[in-house]
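As a plain string of letters, each chain reads:
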Amino acid sequence: MPTTNPSLWGNLSQRYEKSQTRKILALDGGGIRGIITLEILLKLEQDLRRKLNRKDDFRLCDFFDYFGGTSTGAIIAAGLSIGMSSQELLDFYTDKGKDMFDKSCLLKKWKSLYESGPLLEMLQDTFGKDTNMDIANGKFKALLTVVTMNRSTDSPWPISNNPLAKYNDKKRPDNNQNVKLYQLVRASTAAPAYFPPETLEWDAADPSKTFVFVDGGVTPYNNPAFLLFRMATHPGYRLNWEKGEDKLLVVSVGTGSAPSGGEYRNLGNTLLQLPSNLMYAIQVDQDINCRTFGRCVFGDKIDRELGDMVSTDTKESRDFLYVRYNADLSEEGLKEMGLGHIDPEKVGKMDSVKHISNLRQVGAQTAISQVNLDHLGPFVK
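Small disclaimer: the values here were computed from a predicted structure and weren't measured. (Residues numbered from 1 in each chain as written. Predicted model: local features only at pLDDT ≥ 70, side-chain atom pairs only at ≥ 80, totals over all residues. Heavy atoms only, no water.)

Caption draft 1: How the structure looks around unusual backbone geometry. The phi dihedral of D154 is positive, around 55°, even though this residue is not glycine. Within the secondary structure, D154 sits in the loop between β3 (143-150) and β4 (155-160). In this structure, M309 takes a positive phi of about 60° despite not being glycine. In this structure, M309 sits in the loop between β8 (295-298) and β9 (321-325). (Helix = DSSP H or I, 4+ residues; strand = E, 2+ residues; numbered from the N terminus.)

Encoded structure:
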């Protein structure tokens, strides 16, 4: 581990300055389907609380060292990183889901979103209006990365609160840690056709450091699991966590997925389907990367050629232990979970706010059928 100044980490210096096993939680984008993610996390949190013999105030931030998310996953990851429980976030989504993800409702409020609209106010209330990305500010309980898309530069911008990172150097006028947390999360959730873009100012004295952001889900990191592995271990990010399946755990949680079949019938149909198709393909590709470099101990089948890539061969050590939890939202997948009464189309869209109860059923049943602490191996003691 690099030599560090304790002030960089604030009250987290004891946790992050010593060498120890590390655990990462990566959360996909997917709009209101983040409810599926939260039902899975709720069971994981409850199971860990019982297994570790912890009290009711146990949170996932007491177990995982690093949270990262894209779009709706960024909202959840940010909440977890400041010590919110899965239940608190699930209640937030259930109560505020329509205001956050109902496209017809949002389009009517388009102008107000540029100013101090309902979503912005909710994010301010949840994360604090003055909370910035400085990990030493006393608000954070764990590391966080929020995946955004910088439309000014046409490049993905994964922004972390790792105090050792090059662009988190407090000597820089364009230091990432000065950015407000709620604004960064808002930027990551600025889905085209759902929200207007978010403009963020990095350096008031330099107009060239003001950028326009849209949803991180339009980057290659709608599933950010492999990105977080890279940011935790590659020397360029200066965190330098040790690789090894007994040293690093990556748990990746999706918002549910299913391939959409059929042809692109016309231009309008293509424009409607293409973003979801691309996001599905990207999600699968990032998952394959994790299963290739990590030892996958649980995950659904990738395809008929690769299978599930779950590895039981311990002769070759992998870079990390990997778990992938995700709901199958196809008609067949729902039937296998005993949820054949649920219409796949009603739970497949990112703005299915009228079907929150169905999403909760899917998430809860996915959690029951998939979450198992045995998957976490030596990281649960």
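Caption draft 2: Expanded view of helix α5 (residues 86-101). The terminal C-alpha atoms of α5 lie 19 Å apart, and with 16 residues this falls more than 12% below the ideal 22 Å at 1.5 Å per residue. At D95, α5 is bent by approximately 60°, the largest bend along its length. (Expected span 1.5 Å × (residues − 1). Bend = angle between axes of the 7 residues up to and from the residue.)

Caption draft 3: Spatial organisation of the packing of helix α3 (residues 34-51) against α5. Across the interface, α3 lies against α5 with an axial gap of 9 Å and an inter-helix angle of 160°. If you check the angle between α3 and α5, you find them roughly antiparallel. Regarding α3 and α5, the two cross each other, and that crossing is left-handed. On α5, the residues that touch G34, I35, L38, E39, L41, L42 and E45 of α3 are S86, Q87, L89, L90 and Y93. (Axes fitted to C-alpha atoms, helices over the stretch in contact; angles between N-to-C directions. Parallel < 35°, antiparallel > 145°, perpendicular 65-115°, else oblique. Left-handed = near helix turned anticlockwise from the far one by under 90°. Contact = heavy atoms within 4.5 Å.)

Caption draft 4: Molecular detail of the packing of aromatic side chains. One pass over the full model with this rule turns up 15 aromatic pairs. Taken together, a centroid distance of 6.1 Å and an interplanar angle of 75° make the contact between F92 and Y93 edge-to-face. Grouping residues by exposure puts F92 and Y93 together as buried. With a centroid separation of 6.2 Å and an interplanar angle of 90°, the aromatic rings of F320 and Y322 are classed as edge-to-face. Through successive ring pairs, a cluster of aromatic residues spans F226, F229, F293, F320 and Y322. Lying over the aromatic face of F63, K23 brings its terminal NZ or CZ to 4.9 Å of the ring centre. (Phe/Tyr/Trp six-rings, centres within 6.5 Å; stacked < 30°, edge-to-face > 60°. Buried < 20%, exposed > 50% of the residue type's maximum accessible area, 1.4 Å probe, protein only. Lys NZ or Arg CZ within 6 Å of the ring centre and 35° of its normal.)

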